[in-house]
Amino acid sequence: MKQSLRIFFIILIVLSVLPFGALAQEAHGAEQAIIDACLYNRVGYLSDYRLTEEDLDDLFNRLKDSGKLPWYADSYSYSYNQSTGIVQEFTPDNLDPTTFDRSVYEQKVAEVLDECVFDGMDAVQTALSIHDYLVANTVYDETLQKNSAYELLVDGSTVCVGYTELYKDLLNRCGIPCISVTSIEMEHTWNLVCIDGQWYHVDVTWDDPTPDAYGLVDHRYFLVTDAQISAGDKPHYGWETDITCTDTRFENAYWTDVTSRICFASSDVSYLMRSADWSDTIYRRDEATGTETRLYRNNQPYVNVGRGNYTYGRRGLSLWEGKLYFGELDRVLALDPDTGKTSRVFSYPTSGGQYIQGVFVRDGIAYLTLSDHYGNPAPATEPLAEGGHV
């Protein structure tokens, strides 16, 4: 009798487990079909997953809220079997193709990830590298006319919604959970990022200086807690989410006093600039040990640019074709991190009362922010000298 009962219960357990396993597999299949349809702007065939209209609506909204869907998948249409009520086909309603060229967007996404993400990178390195890329390469749209991730990625300018949606899309593609959070009171939106099961705030928009200065990247709002983002002279408040951010392990992270882009050469090596004692100092960082080795210290701590005012500016750091580029008050320099050799690649006369406040180099072009003794910034672009010397 006991043996019969044992067999009976084993059968019940097996029968109870199998359907749930099948349902879980079906749910995952439906999720992936919807995600793929949105990513690749195609019809998703859902008849095998036995979703009702209500099931589909619930699943789409959950995927949207979780950040698993691309930002441009705003809504959808569908067809269903009128006899059974089962959804047959799912069609995403992506942005109007006249204002959104998906092929251009996807190409730019691939370029950003190729530049920012290396094999072996962990989630923190990836989130930091993408954060710094966006801040260094983009400008907040002070006209408030641009508001999408597409405009930020392709045109280089947007407002907070675009920063938030693009950062979320890029991190989710790297397998890092990232969602958006909004404060109606602030009329502002930013991100929550999950690292090792813990959530943190990241505000890419407010880490981008306004007015913009090329090459300058703040890290005040990168992987911070509820308490940190609520404090200081520019506190965040009124955001709406059930997620709490209380883990403090990054409160004194190495990037907190870095005001330039942290340039990753690989998952093992990065470069950064610290500004202290009225000078900029460039370091090579061993990512495994956290050891920093000084490569260069500038020799122009201050300068009189008129009216007796001594002015000092933080002037950015870029990594391009294996060399580090940075600015001093009247020039742009290239540093070979392997040899320690520096060369001047651009000179700027400060006799006119302007000096280099920010610099960012890519594709042979120096993007400059010039400033006068009143602190008024002005953008300029200059080709680097042929052969890298002037």
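Residues numbered from 1 in each chain as written. Predicted model: local features only at pLDDT ≥ 70, side-chain atom pairs only at ≥ 80, totals over all residues. Heavy atoms only, no water.

Asks: Could you clarify how one ought to interpret the packing of helix α4 (residues 123–137) against helix α6 (residues 160–173) in this entry?
Replies: Each pair of packed helices gets described by two things: the angle between the helix axes and the distance between those axes. One can describe the packing of α4 onto α6 by two numbers: an axis separation of 11 Å at closest approach and a directional angle of 145 degrees. Remark: the crossing between α4 and α6 carries right-handed chirality. Listed contacts from α6 to A127, I130, H131 and L134 of α4 are L166, Y167, L170 and L171. Here the residues of the contact of α4 with α6 sort into 7 nonpolar, 1 polar and no charged. (Axes fitted to C-alpha atoms, helices over the stretch in contact; angles between N-to-C directions. Helix = DSSP H or I, 4+ residues; strand = E, 2+ residues; numbered from the N terminus. Left-handed = near helix turned anticlockwise from the far one by under 90°. Contact = heavy atoms within 4.5 Å. Nonpolar A, V, L, I, M, F, W, Y, C, P; charged D, E, K, R; others polar.)

Asks: It is not clear to me how the side chain of E165 should be interpreted in this structure. Could you clarify?
Replies: Its location among the elements puts E165 in helix α6. Classification of E165 as buried rests on a relative accessible area of 16%. Among the polar contacts made by the side chain of E165, one reaches the side chain of K168 at a distance of 3.2 Å. (Buried < 20%, exposed > 50% of the residue type's maximum accessible area, 1.4 Å probe, protein only. Polar contact = N/O pair within 3.5 Å; in protein donor to acceptor, adjacent residues only side chain to side chain.)

Asks: Just checking my understanding: could you explain the pattern of salt bridges for this structure?
Replies: It is possible for side chains bearing opposite charge to pair when their charged atoms get close. All chains considered together, the criterion is met by 16 salt bridges. In this structure, the salt-bridge partner of R274 is D257, at a minimum N-O distance of 2.2 Å. Here R274 is found in strand β11 (residues 269–276), whereas its partner D257 is found in the loop between α7 (226–229) and β10 (263–264), with 17 residues between them in sequence. Taking the relative accessible area as the measure of exposure, R274 reaches 15% and is therefore buried. The class for D257 is partly exposed, based on a relative accessible area of 42%. For R285, the salt bridge is made with E287, and the minimal N-O distance between the two is 3.0 Å. Comparing R285 with E287, the two get one shared label, buried. (Salt bridge = Lys/Arg side-chain N within 4 Å of Asp/Glu carboxyl O.)

Asks: Can you walk me through the packing of aromatic side chains in this structure?
Replies: In this description, an aromatic ring pair is defined by two values, namely the gap between the centres and the angle between the planes. Applying the stated criterion across every chain yields a total of 15 aromatic pairs. For the pair Y76 and F90, a centre-to-centre distance of 5.3 Å together with 35 degrees between the ring planes defines the contact as tilted. Here Y76 is found in strand β2 (residues 73–80), whereas its partner F90 is found in strand β3 (residues 87–94), with 14 residues between them in sequence. Note on accessibility: Y76 and F90 belong to one class, buried. Members of the aromatic cluster, connected to one another through ring pairs, are F60, Y76, Y78, Y80 and F90. (Phe/Tyr/Trp six-rings, centres within 6.5 Å; stacked < 30°, edge-to-face > 60°.)

Asks: Got a minute to help me understand the pairing of strand β20 (residues 354–362) in this structure?
Replies: The side chains of a regular strand alternate between both faces of the sheet. Sheet topology note: the β20/strand β21 (residues 365–372) ladder contains 8 bridges and is antiparallel. Considered in β21, the bridge of V361 is made with A366. Count of turn residues in the β20/β21 antiparallel hairpin: 2 residues, of which D363 carries a positive phi of about 55 degrees. (Pairing = 2+ DSSP bridges.)

Asks: Just checking my understanding: could you explain the environment of V361 for this structure?
Replies: Following the sequence through the fold, V361 ends up in strand β20. Among the residues examined, V361 registers a relative accessible area of 2% and is labelled buried. A sequence separation of 43 residues divides V361 from S318, and the C-alpha atoms of the two residues are 5.9 Å apart. Once residues within four sequence positions are removed from consideration, V361 is found in contact with S318, W320, Y325, V332, A366 and L384.

Asks: What should I look at first to understand the nonpolar core in this one?
Replies: The tendency in soluble globular proteins is for nonpolar side chains to be buried side by side. I34, F90, Y105, Y167, V193, L223 and W255 are the most contacted members of the largest nonpolar core, which has 63 residues in total. Ranked by residue count, the leading element in this core is α4, at 8 residues. Contacts of Y167, omitting those with residues within four sequence positions, involve A127, I130, H131, L134, C178, N191, V193, V202, V204 and F222. In terms of nonpolar packing, the next biggest core, distinct from the first, is built from 14 residues, V332, A334, V361 and L370 among them. (Core = buried A, V, L, I, M, F, W, Y, C linked by side-chain atoms within 4.5 Å.)

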